[in-house]
Amino acid sequence: MPFDSFDVAKAAINLAISSRASEESMIKDLKNKNILAAAVDIGGDFNSSIPKIIERAVVASKRSGITKDCHVHDGAVIGATKEALMQIAMKANGYNIGGKIGIARSGEHLSICIFMSMGVLHLNDVVIGLAHRAVPDFK
């Protein structure tokens, strides 16, 4: 049964909010359902971390087999990651952040979720950004 963008987005969200301990089993369960997935930790000063966050999303998607090494797939991951970052930029601008990126794909649907804590000292807030791209299916 093919999954739609809603299912793939839920998978990306669940990965982004999961603990590192449950992440591996979650990725295996998703793979059994024909959803490829990956997650990667992020952190640092929000503004200076943006290029590194985008790079980590691209590398994680390639290493996990979610995307191929081609400009169409790279562009989709970069675009979705930037869109998710822009959804949270006004709130995170100027703060230190720490969190995780969840990446999920099934067929032509690719979703990226960024879940992070941000703040100063113990005064933290939580923010989430989510984006979807349609990419050519590869077989």
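The text that follows walks through the structure, step by step, so that each part is easy to find.

Reading the values: the criteria
- Residues numbered from 1 in each chain as written.
- Predicted model: local features only at pLDDT ≥ 70, side-chain atom pairs only at ≥ 80, totals over all residues.
- Heavy atoms only, no water.
- Pairing = 2+ DSSP bridges.
- Helix = DSSP H or I, 4+ residues; strand = E, 2+ residues; numbered from the N terminus.
- Axes fitted to C-alpha atoms, helices over the stretch in contact; angles between N-to-C directions.
- Contact = heavy atoms within 4.5 Å.
- Expected span 1.5 Å × (residues − 1).
- Buried < 20%, exposed > 50% of the residue type's maximum accessible area, 1.4 Å probe, protein only.
- Arc of directions from axis to C-beta.
- Polar contact = N/O pair within 3.5 Å; in protein donor to acceptor, adjacent residues only side chain to side chain.

Some thoughts on the sheet that holds strand β3 (residues 109-120)
- If you trace the 4 strands from one edge of the open sheet to the other, you get β1-β2-β3-β4, paired in antiparallel fashion. Only two strands of the sheet have a single neighbouring strand rather than two, namely β1 (36-45) and β4 (123-134). Strand-to-strand twist of the sheet, defined as the mean angle between neighbouring strand axes without regard to direction, takes the value 15 degrees.
- Relative to β4, β3 is paired through 12 bridges, and the arrangement is antiparallel. Bridge pairing links Ser111 to His132 in β4.
- Packed onto the sheet, helix α2 (residues 20-32) meets β1 and β2 (96-106) and runs at close to 150 degrees relative to β1.

Section: helix α1 (residues 5-17)
- Taking 1.5 Å per residue as the helical rise, α1 with its 13 residues ought to reach 18 Å, and the 18 Å between its terminal C-alpha atoms agrees with that figure.
- Buried residues of α1: Val8, Ala9, Ala11, Ala12, Leu15 and Ala16, and no others. Buried residues of α1, viewed axially, fall in a sector of 155 degrees; they line one side.
- The N-capping residue of α1, defined by a side-chain oxygen 3.2 Å from the backbone nitrogen of Phe6, is Asp4.

Here's the deal with the pairing of β2
- Judged by how many residues are buried, β2 sits mostly within the fold: 8 of 11 residues are covered.
- Of the pairings in the sheet, the one linking β1 to β2 comprises 10 bridges and is antiparallel in character. Opposite Gly44, over in β2, you have Ile97 as the bridge partner.
- In terms of strand pairing, β2 meets β3 through 11 bridges, oriented antiparallel. Residue pairing in the sheet places Gly98 in a bridge with Ser117 of β3.
- Joining the antiparallel neighbours β2 and β3 is a turn of 2 residues, in which Gly107 adopts a positive phi near 60 degrees.

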